[in-house]
Amino acid sequence: MSPSLAPLTFIPLLKERIWGGRRLETLFGKKLPPRACIGESWEIVDRPEDQSVVREGRFRGKTLHHLWVNHRAEIFGEMEDAPRFPLFLKLLDAEEKLSVQVHPPADVASDLGSEAKTECWYVARAEPTAAIYVGLKKGCARADFEAALANGTVEEQLHRIPVRAGDAMFLPSGRVHAIGAGNVLVEVQQNSDTTYRVFDWNRVDGQGAPRTLHVEESLRSIDFDDYEPELAQPAGELLIADPLFVLEKWTVTEERKVSDAGVFAIVACLTGALYCAGVKLNPGEFSLVPASLEDRTLSASAPGTTLLRITAGR
C-alpha cells in the first residue's frame with residue numbers, strides 16, 4: 001500500500017548571483033555552499049532546465065513536472081491546460097542592488113522568441129535604508145531614458161520606493177524595475193525565465209568584464225507610460241489578485257482550512273512555525289497543498305505565525 005497523499009515539500013535550488021549574500025542561511029536556515037553569494041532559492045519551479053524535486057512522502061524523488069503531467073487532477077485540481085505548472089516561486093537575497101531590468105509583454109515576447117513574465121514581490125526582511133525601483137518618474141519619456149542610458153544616469157529616471165518588511169509590489173510585464181540592496185523578498189511569478197537587463201550600475205564581474213545587457217530588447221519591452229506605481233494596498237488578507245496568481249498574507253491565530261476542497265494552494269511560512277496535515281513549516285519553507293488532500297487544516301505551532309498563501313489566478 002502506497003503512502004497517503006500529504007502536503008508536498010521540495011528541495012530548494014540555490015542560485016549564485018553577483019548581487020547575492022548569505023542571509024537565506026542566517027534568516028531561513030538554508031544550507032548554502034561555503035563562501036558562495038547566493039541570490040536566489042528556487043522553491044517551486046517547473047522549467048525545462050530546472051525542476052523542483054519532492055523531498056519526501058509518496059512522491060519522493062518525483063519532479064514537479066512529473067506531477068503536473070501524471071497527477072494533474074489529484075494535485076492541482078481543475079486548471080487550464082498548459083505544458084508546465086504555471087507558477088514559479090523564489091526567495092531572493094539582494095545583498096547588493098540588482099540590475100535595472102524588464103520582462104517583455106506577451107506581444108513583444110512573441111516577436112523576440114522569449115517569454116512574457118508578470119510577477120510580484122513580498123518584502124520578507126528589509127534593512128532600514130532598503131528600497132526598490134519600480135516604473136519611471138513622471139515626465140520621463142523614452143528619449144529621456146535613452147539619454148540617461150548613454151550618460152549613466154538611469155537612476156535619476158527611476159521611481160524609487162523605500163520599503164519595509166510586509167510591503168508588496170505588483171510587477172506586470174513591461175514595468176521597468178530593480179531590487180535595491182538590503183532586501184530579502186518572496187517572488188511569485190508567471191512560469192518564465194526571460195529577463196532583459198537594460199542597465200547594471202556600471203558593475204563588472206570577477207574578471208573585470210561588464211555583464212551582458214539587452215538594451216534593444218529592453219527598450220522594446222518597457223512601458224514608457226508607467227509612471228510612479230504604488231505599493232500594493234492590502235484589502236484585509238488580500239495583497240494581490242491577478243489572472244495569473246493570487247497572493248494573501250495570513251496571521252495564524254487559530255485553526256483554519258488552507259483552501260477549499262479541490263483547490264491547490266502554496267503556503268510559505270514567514271514567521272513563527274505552522275503545521276498542515278502533519279507537515280511542519282519553519283520560516284522560509286514552502287509547501288504545495290494538493291487539491292484532493294482531505295485534511296486541509298492549518299495551524300500555528302509558535303506564537304506570531306504568519307504566512308503567504310498563493311493560489312492560481314481568478
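Heads up: the structure comes first, above all this text.
Residues numbered from 1 in each chain as written. Predicted model: local features only at pLDDT ≥ 70, side-chain atom pairs only at ≥ 80, totals over all residues. Heavy atoms only, no water.

1. A few points about the overall build of the protein
Part 1 of the reasoning: Along the protein, the regular secondary structure elements total six helices and 20 strands.
Part 2 of the reasoning: Expected size for 314 residues packed as a compact globule is a radius of gyration near 20 Å; at 20 Å, the protein falls within 12% of this value.
Part 3 of the reasoning: Here the C-alpha coordinates of the protein stretch approximately 65 × 40 × 40 Å along the principal axes.
Part 4 of the reasoning: Across the 314 residues of the protein, 51% fall into the buried class.
Part 5 of the reasoning: For the protein, restricting intrachain contacts to residue pairs at least 6 apart in sequence, the fraction spanning at least 24 positions comes to 74%. (Helix = DSSP H or I, 4+ residues; strand = E, 2+ residues; numbered from the N terminus. Rg over C-alpha atoms; globule rule 2.2 N^0.38 Å. Buried < 20%, exposed > 50% of the residue type's maximum accessible area, 1.4 Å probe, protein only. Contact = heavy atoms within 4.5 Å.)

2. Quick notes on the layout of surface pockets
Part 1 of the reasoning: As a volume, the largest pocket reaches approximately 680 Å³.
Part 2 of the reasoning: Along its surface, the largest pocket is lined by 29 residues, and Met79, Pro86, Leu244, Ala312 and Gly313 are the ones closest to its centre.
Part 3 of the reasoning: The biggest single contributor to the lining of the largest pocket is strand β20 (residues 306-312), with three residues.
Part 4 of the reasoning: Among the residues making up the lining of the largest pocket, the classes are represented as 14 nonpolar, seven polar and eight charged. (1 Å grid on protein atoms, 1.4 Å probe; cavity = no way out; pocket = protein on both sides within 12 Å on 5 of 7 lines; lining within 4 Å. Points joined across faces, edges and corners; volume = space filled by probe spheres on them. Nonpolar A, V, L, I, M, F, W, Y, C, P; charged D, E, K, R; others polar.)

3. Topic: the pattern of salt bridges
Part 1 of the reasoning: Counted under the stated rule, the structure contains 24 salt bridges.
Part 2 of the reasoning: Of the charged contacts, one joins Glu187 and Lys90 as a salt bridge, the two residues approaching to 3.6 Å between their closest N and O atoms. With Glu187 in strand β10 (residues 183-190) and Lys90 in strand β3 (residues 87-94), this pair connects stretches of sequence that are 97 residues apart.
Part 3 of the reasoning: When its relative accessible area of 5% is taken as the criterion, Glu187 is described as buried.
Part 4 of the reasoning: Here Glu146 and Arg142 are joined by a salt bridge, their closest N and O atoms 2.9 Å apart. (Salt bridge = Lys/Arg side-chain N within 4 Å of Asp/Glu carboxyl O.)

4. A short note on the environment of Arg203
Part 1 of the reasoning: Along the polypeptide, Arg203 turns up in the loop between β11 (196-199) and α6 (215-221).
Part 2 of the reasoning: For Arg203, a relative accessible area of 14% corresponds to the buried category.
Part 3 of the reasoning: For the pair Arg203 and Ile266, spaced 63 residues apart in sequence, the C-alpha separation works out to 36 Å.
Part 4 of the reasoning: Each residue touching Arg203, except ones within four places of it in the same chain, is listed here: Ile18, Trp19, Glu96, Lys97, Leu98, Ser99, Pro210 and Arg211.
Part 5 of the reasoning: Within the local environment of Arg203, its side chain forms a polar contact with the backbone oxygen of Lys97, the two atoms lying 2.7 Å apart. (Polar contact = N/O pair within 3.5 Å; in protein donor to acceptor, adjacent residues only side chain to side chain.)

5. Some words on the sheet that holds β3
Part 1 of the reasoning: Read from one edge of the open sheet, six strands run β1-β2-β3-β10-β5-β8, paired in antiparallel fashion. In this open sheet, the two strands that pair with only one neighbour each are β1 (13-21) and β8 (168-171). Each strand of the sheet is rotated relative to its neighbour by a mean of 25°, with strand direction disregarded.
Part 2 of the reasoning: The pairing of strand β5 (residues 119-126) with β8 spans four bridges and is classified as antiparallel. Residue pairing in the sheet places Cys120 in a bridge with Phe170 of β8. (Pairing = 2+ DSSP bridges. Axes fitted to C-alpha atoms, helices over the stretch in contact; angles between N-to-C directions.)

The values are spatial; any link to function lies outside them.
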